[in-house]
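Summary of the model geometry
One-letter residues, chain by chain:
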Amino acid sequence: MGNLKGKDILHGNQFSKKDIDAIIKIASNFEKELKKKDSLTLLRGKILATLFYEPSTRTRLSFETAMQRLGGGVISMGSVESSSVAKGETLTDTVRTVSQYADVIVIRHPRTGSAREAADAVPIPVINAGDGTGQHPTQALLDIYTIHKELGSLKNLVVSMVGDLKNGRTVHALVELLSLFQARLYFVSPGSLRMPEEITSGLKEKGVEIEETEDILEASNASNLIYMTRIQKERFADLTEYERVKGSYIINEEFLKKLKNKIIILHPLPRVDEISPEVDTYPGAAYFRQVRNGVFVRMALLAMVLGRIP
Ligand code: CP
């Protein structure tokens, strides 16, 4: 078993294959247990605090669901405007305060490196729920869990990552995990939204096979999985550049007809227009199953960092 007791979860590169095997096994056990009962008692008496300085639907609610399904309690800072952050309180003062109430903190913040800064300030585990354009490691873990479930294995993966690879913290974290399984990667993006050079060079140093292209169809026809991402309007300093690249890649019925083989389609969500709603009934469209898996994986992570592994 990977041992995450007392650890922070900050970056995709902190995990070993052994950790991932353990997380998949524990999450899978929770998934089975929740088919038999609504909730468990493993984390009774423990409190999770959610501090979200940026919008979220899935990550915050799935962590809160995970904690409650495990019998624990949840406190939330609420919106930035309704908290003392609006009065100018620093990040470290806020997390130091919250660590007096909670046993584990989940934080999302617009600044890259902020989760590590929070973790350094407190003795309890801090989980990075997205730090700017940096990392989103728990999303990557639920993506890996979903890939394992959908394809039955993490071997022989060929993945097309499509869209905003420059700003997408989900892909920045997921490539770290995929690199452990010798996945072959296609990076499909407009030129201005390419995967950051420090990430591609780090992957190449690890021996990961990467091809960068702007051709989604060619890449998809060589892959067994498409990982679609949203072009992140909120990260653009120049909105005319956003207008130029938005809608660069759209998966719709017409695109599906051009695919040579059945493929799995994942997306961290939210989507805007990059996957048309008509695709939702395609058997390989797994993005809402992916959402559900987030609860089991986050249950596993909370149980592990709090030292109550079943
Ligand atoms: N995938 C994801 O991080 O979704 P939210 O922004 O809704 O949390």
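Here's what I pulled together on the structure shown here. Just so you know, these numbers come straight off a predicted model, no measurement behind them. Every chain's residues receive numbers from 1 upward, in the order its sequence appears when written. The predicted nature of this model means local features are confined to residues of pLDDT at least 70 and side-chain atom pairs, given and counted, to a pLDDT of 80 or more, with totals for whole chains, interfaces and linings taken over all residues. Here the side-chain values reflect all heavy atoms present in the structure, with hydrogen atoms and water set aside.

What about the packing of helix α3 (residues 91-98) against helix α4 (residues 114-121)?
The packing of two helices is summarised by the inter-axis angle and the distance between the axes. Every axis corresponds to a line fitted to the C-alpha atoms, with the helix fit spanning only the stretch in contact, and the corresponding angles, defined between N-to-C directions, vary from 0 to 180 degrees. Only DSSP runs of H or I reaching four residues or more are called helices, and only runs of E reaching two or more are called strands; each is numbered from the N terminus. At a minimum axis separation of 9 Å, α3 and α4 run at an interaxial angle of 50°. It follows from the interaxial angle that α3 and α4 lie oblique. Crossing geometry of α3 relative to α4 is assigned as right-handed. Residues Leu91, Thr92, Val95 and Arg96 of α3 touch α4, and the partners they reach there are Ser114, Glu117, Ala118 and Ala121. Under the grouping applied here, Gly and all other residues not named as nonpolar or charged are polar, the nonpolar ones being Ala, Val, Leu, Ile, Met, Phe, Trp, Tyr, Cys and Pro and the charged ones Asp, Glu, Lys and Arg. Within the contact of α3 with α4, the residues separate by chemical class into 4 nonpolar, 2 polar and 2 charged. Roughly parallel means an angle under 35 degrees; roughly antiparallel, over 145; roughly perpendicular, 65 to 115; everything else is oblique. Helix crossings fall into two classes, left-handed where the near helix is turned counterclockwise from the far one by less than a right angle and right-handed where it is turned clockwise. Two residues form a contact once any of their heavy atoms are found within 4.5 Å.

Concerning the packing of aromatic side chains
For Phe, Tyr and Trp, where Trp contributes only its six-membered ring, two rings pair if their centres lie within 6.5 Å, and the inter-plane angle classes them as stacked under 30 degrees, edge-to-face over 60, or tilted in between. Using the criterion set out here, one finds 2 aromatic pairs in the structure. On the numbers, 5.5 Å between centres and 70° between planes, the contact of Phe236 with Tyr242 is edge-to-face. Note on accessibility: Phe236 and Tyr242 belong to one class, buried. Whether a residue is buried, partly exposed or exposed follows from its accessible area with a 1.4 Å probe, protein chains only, as a fraction of its type maximum: under 20%, in between, or over 50%, in that order.

Things to note about a positive patch on the surface
Only residues whose relative accessible area exceeds 30% and that form no salt bridge enter a patch; like-charged residues are grouped when within 9 Å of one another, and nonpolar side chains (Val, Leu, Ile, Met, Phe, Trp, Tyr) when within 5 Å. In short, Shrake-Rupley with a 1.4 Å probe defines the accessible areas, and a residue's cover is counted only from the protein chains shown. For this analysis, a salt bridge means a side-chain nitrogen from Lys or Arg found within 4 Å of a carboxyl oxygen belonging to Asp or Glu. For this count, His and the chain ends are skipped, Lys and Arg are scored as positive, and Asp and Glu as negative. A single reference atom marks each charge: NZ on Lys, CZ on Arg, CG on Asp, CD on Glu. A grouping of Lys32, Lys35, Lys36, Lys37, Arg69 and Arg292 is seen on the molecular surface, where their side chains present a positively charged patch. Along the chain, Lys36 turns up in helix α1 (residues 17-36). Here Lys36 falls in the exposed class, since its relative accessible area comes to 70%.

A short note on the sheet that holds strand β1 (residues 47-52)
When DSSP finds at least two bridges between two strands, those strands are taken to pair. Strand order in the open sheet formed by 4 strands is β2-β1-β3-β4, and the pairing between neighbours is parallel. At either end of the open sheet lies a strand with only one pairing partner, and these are β2 (73-76) and β4 (126-131). Strand-to-strand twist in this sheet, taken as the mean axis angle between neighbours without regard to direction, amounts to 15°. In this sheet, β4 lies alongside strand β3 (residues 104-109) in parallel orientation, the contact comprising 4 bridges. Bridging across to β4, Ile107 finds its partner in Asn128.

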